[in-house]
Amino acid sequence: MVRVRVPASTANLGCGYDTFGMALGYYNIVAVEPAAGFSCTVRGEGEGRLPLNERNLTVRAAAAAYEAAGESMPPLAFCCENHIPLSRGMGSSSAAIVGGIYAANVLMGEPLSADELLALATRLEGHPDNVAPALRGGFTVVAQEAGQLFCRRLPVPDGLRGVLAVPGFPVSTKKARAILPRQVELADAVFNLSHAAALALALAQGDLAGFGAMLNDRLHQPYRFQLIPGAADVVEAAIAAGALGCTLSGSGSTMISFSEDDDMLRDNIAAAMREAFQEHGVECRILFLKMDNRGVCLF
């Protein structure tokens, strides 16, 4: 049996639309083993809702890995232990894909390289910002040039913590993309370029305050906030409570604040985020998470 642990992830980090990602210390577990016949079980998030046949995303990803390696997938038993909330901007689909392709690659004797796994996961997901940190951990930057993927990774400083407010309603990635404008103002593009460069440099230098100050965005958040009642107020409340910064996690509905490693500070930030959401009739659960610098691994 192969057991794989896959981290959740937060994408965009404000200014890095479809480019930045960061792995979170919150995990799905995928177990796969040879069997007399195919089977699939799902426990936790998505139990009773996700398909248990060949349409299951983890199963499809595993089959794609076998195909990429030029092999036919044998009968396998899949068990998906899901903790990452579905359609909340925490990389649930990326975790399913990465878990499937990684487990399959191990079962085959690892014929696919790390770059090939990233390219395959990106093709299956449609964009690389969540699959890259799920695979490699830490903070990742992914660019595409002439059909080739370029991925760079930085370890996240040990003292960085996340406070996530996870609303009870999902946001469809398709809908969150459809709401975006096709063209943007030059000033907004320059704003995001400068913030993205400064954010990456701040992380590389261990400047947590500088990182938090750059989590602003003009390309996607102002539009996506329309799908999440109270989102702008959550950002304001979190920063007022002492957060380094606060931003939409992926396409939402989760909001993520960052702070240094201080329990009282994180409690204050969490209370402020919850209260801001409640003022708009939104109930949420709070997750206190470390960052993950390892990425997908055998477990």
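Residues numbered from 1 in each chain as written. Predicted model: local features only at pLDDT ≥ 70, side-chain atom pairs only at ≥ 80, totals over all residues. Heavy atoms only, no water.

## Details of the pattern of salt bridges
Rules: Only one rule defines a salt bridge in this text: a Lys or Arg side-chain nitrogen within 4 Å of an Asp or Glu carboxyl oxygen. Working definition: helices are DSSP H or I runs of at least four residues, strands are E runs of at least two. Numbering for both runs from the N terminus. Buried, partly exposed and exposed residues are distinguished by accessible area as a fraction of the type maximum, computed with a 1.4 Å probe on protein chains only: under 20%, between the cut-offs, and over 50%, respectively.
All chains considered together, the criterion is met by 8 salt bridges. With its nearest N and O atoms 3.5 Å apart, the salt bridge here joins Arg-218 to Asp-188. Linking Arg-218 in the loop between helix H7 (208–213) and helix H8 (221–224) with Asp-188 in helix H6 (residues 186–204), this pair joins segments that are 30 residues apart in sequence. We classify Arg-218 as partly exposed; its relative accessible area is 35%. By relative accessible area, which is 17% here, Asp-188 ends up buried. Close ionic contact of Asp-261 with Arg-266 constitutes a salt bridge, the shortest N to O distance being 3.0 Å. For Asp-261, a relative accessible area of 47% corresponds to the partly exposed category. Within the structure, one salt-bridge network assembled from shared partners comprises Arg-161, Asp-261, Asp-263 and Arg-266.

## As for the nonpolar core
What counts is decided by this rule: Note on terminology: a nonpolar core comprises buried Ala, Val, Leu, Ile, Met, Phe, Trp, Tyr and Cys residues joined through side-chain atoms within 4.5 Å. The contact criterion used throughout is that any non-hydrogen atoms of two residues lie within 4.5 Å.
The biggest cluster of nonpolar side chains holds 63 residues, and the ones touching the most others in it are Met-22, Met-90, Phe-139, Leu-160, Leu-199, Phe-211 and Phe-258. Beyond its immediate stretch of four places on either side in the chain, Leu-199 contacts Leu-13, Cys-15, Phe-20, Phe-139, Phe-211, Met-214 and Leu-215. Counting residues in each nonpolar core, the second largest holds 24 residues, with Ala-176, Ala-237, Met-255 and Ala-272 among its members.

## Re helix H2 (residues 92–107)
Here is the rule we go by: Multiply 1.5 Å by the residue count of a helix minus one, and that product is the helix's expected span.
Under the 1.5 Å per step criterion, the end-to-end length of H2 is 23 Å for 16 residues, consistent within 8% with the ideal 22 Å. The buried fraction of H2 is high, at 13 of 16 residues. Where H2 terminates, the next one or two residues include Gly-109, which has phi positive at roughly 90°.

## Observations concerning the layout of surface pockets
For clarity, the cut-off: Cavity: a set of points on a 1 Å grid over the protein atoms alone where a 1.4 Å probe fits but cannot get out. Pocket: an open set with protein on both sides within 12 Å along at least five of seven lines, its lining residues, like those of a cavity, having an atom within 4 Å of a point. Grid points are joined across faces, edges and corners, and a volume is the space filled by probe spheres set on the points. Put simply, Ala, Val, Leu, Ile, Met, Phe, Trp, Tyr, Cys and Pro go in the nonpolar bin, Asp, Glu, Lys and Arg in the charged bin, and everything else, Gly too, in the polar bin.
The volume enclosed by the largest pocket comes to roughly 670 Å³. Along the wall of the largest pocket there are 40 residues; nearest its centre are Leu-57, Ser-92, Ser-93, Ser-94 and Glu-125. Top contributing element to the lining of the largest pocket by residue count: H2, with 5 residues. Its boundaries defined by the atoms lining it, the second largest pocket holds a volume of some 170 Å³. For the second largest pocket, the full set of lining residues is Asp-115, Leu-118, Ala-119, Arg-136, Gly-147, Gln-148, Leu-149, Phe-150, Cys-151 and Arg-152. For the lining of the second largest pocket, the per-class residue count stands at 5 nonpolar, 2 polar and 3 charged.

## Quick word on the side chain of Ser-253
Let me state the cut-off plainly: Counting of polar contacts relies on pairs of N or O atoms within 3.5 Å, with two restrictions inside protein: one atom must be capable of donating a hydrogen and the other of accepting it, and residues adjacent in sequence are counted only when both atoms are side-chain atoms.
If you trace the backbone, Ser-253 turns up in the loop between strand S8 (245–248) and strand S9 (255–259). Owing to a relative accessible area of 0%, Ser-253 belongs among the buried residues under this scheme. A distance of 2.7 Å separates a polar side-chain atom of Ser-253 from the backbone oxygen of Phe-169. In this view, Ser-253 contacts Ser-87, Arg-88, Gly-89, Ala-165, Pro-167, Phe-169, Pro-170, Val-171, Ile-228 and Phe-277; residues no more than four positions away in its chain are not counted.

## Details of the sheet that holds strand S7 (residues 161–167)
To be explicit about the condition: Two strands are counted as paired when DSSP detects at least two bridges linking them. For every element, the axis is a line fit to its C-alpha atoms; helices are fit only across the contacting stretch, and the angle between N-to-C directions ranges from 0 to 180 degrees.
Strand order in the open sheet formed by 4 strands is S8-S9-S7-S10, with antiparallel pairing between adjacent strands. In the strand order of this sheet, the two ends are held by S8 and strand S10 (284–290), each with one partner. On average, each strand axis in the sheet is inclined to that of its neighbour by 20°, with strand direction left out of account. As paired elements, S7 and S9 share 5 bridges and run antiparallel to each other. Looking at S9, one finds that Leu-164 is bridged to Ile-256. Contacts between helix H9 (residues 231–240) and the sheet are confined to S8 and S9, with S8 contributing the most and set at about 160° to the helix.

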